[in-house]
Every structure is written in structure tokens, then in C-alpha cells.
Amino acid sequence: MGQQTVDPVIAGWAAGFRPVRDGEYFPPHSPGCVGCGPANPHGLHLAVRRHGEGVQAEHTFDDRHTGAPGVAHGGAVAMAFDDLFGFLLYLLGELAVTRDLRVSYLAPVRLNAAYMLRADHGARVGRRIPVSAELRNHDNVVVATAEATFVVVDTHHFTRAAGR
Ligand SMILES: CCCCCCCC(=O)SCCNC(=O)CCNC(=O)[C@H](O)C(C)(C)COP(=O)(O)OP(=O)(O)OC[C@H]1O[C@@H](n2cnc3c(N)ncnc32)[C@H](O)[C@@H]1OP(=O)(O)O
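Residues numbered from 1 in each chain as written. Predicted model: local features only at pLDDT ≥ 70, side-chain atom pairs only at ≥ 80, totals over all residues. Heavy atoms only, no water.

**Structural notes on the layout of surface pockets**
A volume near 420 Å³ is recorded for the largest pocket. Lining the largest pocket are 20 residues, with Trp13, His29, Cys33, Asp83 and Gly86 positioned closest to its centre. Contributing elements (two or more residues each) for the lining of the largest pocket: helix H2 (74-92) and strand S3 (96-105). (1 Å grid on protein atoms, 1.4 Å probe; cavity = no way out; pocket = protein on both sides within 12 Å on 5 of 7 lines; lining within 4 Å. Points joined across faces, edges and corners; volume = space filled by probe spheres on them. Helix = DSSP H or I, 4+ residues; strand = E, 2+ residues; numbered from the N terminus.)

Below is the structure:
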């Protein structure tokens, strides 16, 4: 992400997250976000909406995210989970970052096939927010799961990380 876009994005986060109704789509984390940013040509372009107190996204991995032939790279699947978790923050109204992420790959994730991602959060303990997610195929079979710990930070975390 270039110098021009870092400050407005962080300023937007500092202003707080807009409330989103059930079923409504969230805005991307930033235009250049590799998970959901519409301006990132290498990204997943996840479109994530609220589902009750959780979030969900229908997603199709394509040839840009190839691992074995015809199969999504495990890193791309992990990225989808990580970015999906980032949308729970809109519901929690907290700024937080991934401290750890554990993915269980239960079956190959095929390219050019539609999958459904769904994530939920647990209760915040101290600065820790536990989150979990599933990836299901069109037969509603769970093909991957993920658990992560997000740690609440303030906007200085991001301005420091961006070198300002
Ligand atoms: C708006 C956001 C967009 C989201 C985009 C999608 C998500 C992302 O990709 S985020 C990017 C990837 N993640 C990062 O870059 C984070 C890098 N890591 C860091 O900056 C730091 O390690 C950071 C901020 C997470 C924690 O550091 P620090 O502030 O020193 O906290 P620290 O004291 O170590 O721990 C904080 C709390 O977490 C707990 N904790 C730390 N690690 C773990 C762990 N592995 N498991 C459980 N708890 C843990 C600690 O016990 C402590 O708990 P409590 O507050 O209850 O005492």
C-alpha cells in the first residue's frame, strides 16, 4: 500500500466502524487489502456480509491462487480465513490484529468452485478475542476450519507499522 493511502485508511478506522445491518455487506478493510480490497489485482476480493453476530462470504478461488494443479494454495485459504476474521472487528467495534492462526485442511479446496466461509467470535478476555471459522463446499461439507486469537490494538499500532 502506498504512502498516499495509509493515512486516510487509518483515519477511517480511528473514526470507528459504521454499523452494518444483518445481511448487509461490509466495506473492505482498505482498497489495497489483499483479502478484500477491490484495487488489489492479486487479492481474493472477498465480499463479506453480516450474518447475525457473525460474518460470511461466498468465495471462489481462481487460478491466481493455485497450489497443486486445480487446488487452492493452503496459504490462500489461510488468507481468506484471516481476512474474514478481520470483518468480525466491524461488529465488535474494536481494532485488533491476528496474533495466531491455526488452519485445519480437511479436504482439498478446488479452484473455480463456489465455497461458503462463515466466522464467529467468542467473548473478549483482556485484549484477546477468540475467533473461529469454517469453509464449506456446495454440498455443505466442511472442508477447512480455522481458529485464531486477535489482540486488541490502538491506531498507533498501524501508524508505527507504516513507519510514521
Ligand atoms: C482493521 C484490521 C484489519 C484486519 C486484517 C486481517 C487481520 C490481519 O491480517 S492483522 C496482520 C497480521 N498480524 C500482525 O501483524 C500482528 C503482529 N503482532 C503484533 O503486533 C503483536 O504481537 C501484538 C499487537 C499482536 C501483541 O503484542 P503486545 O501488544 O505486546 O501484546 P502482548 O502483551 O504480547 O499480548 C496481549 C494479550 O494477548 C495475549 N496473547 C498473546 N499471544 C497470544 C496467543 N498466541 N494466544 C493467546 N493469547 C495471546 C496476551 O496474554 C495478552 O493478554 P491479556 O491482555 O489478557 O493480558
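The rest of the description comes next.
**Description of the sheet that holds strand S1 (residues 49-51)**
In a beta sheet, neighbouring strands are held together by backbone hydrogen bonds and run either parallel or antiparallel to one another. Read from one edge to the other, the open sheet built from six strands follows the order S1-S2-S4-S5-S6-S3, with strand pairing classed as antiparallel. Unpaired on one side and paired on the other, S1 and S3 mark the two borders of the sheet. Direction aside, neighbouring strands of the sheet carry axes that sit 25° apart on average. As paired strands, strand S4 (residues 114-121) and strand S5 (residues 128-136) are joined by six bridges and run antiparallel to one another. (Pairing = 2+ DSSP bridges. Axes fitted to C-alpha atoms, helices over the stretch in contact; angles between N-to-C directions.)

**Some words on the packing of aromatic side chains**
All chains considered together, the criterion is met by six aromatic pairs. Aromatic side chains Trp13 and Phe158 sit 4.8 Å apart centroid to centroid with 65° between the ring planes, which places their arrangement in the edge-to-face category. Of this pair, Trp13 sits in helix H1 (residues 3-14) while Phe158 sits in helix H3 (residues 155-161), and the two are 145 residues apart along the sequence. The class of Phe158 is buried, set by a relative accessible area of 17%. Here Phe26 and Phe87 contribute two aromatic rings whose centre-to-centre distance is 5.7 Å and whose plane-to-plane angle is 45°, an arrangement assigned as tilted. Taken as a pair, Phe26 in the loop between H1 and S1 and Phe87 in helix H2 lie far apart in primary sequence, 61 residues in all. Residue classification places Phe26 among the buried positions, given a relative accessible area of 8%. Given the relative accessible area of 1%, Phe87 is considered buried. (Phe/Tyr/Trp six-rings, centres within 6.5 Å; stacked < 30°, edge-to-face > 60°. Buried < 20%, exposed > 50% of the residue type's maximum accessible area, 1.4 Å probe, protein only.)

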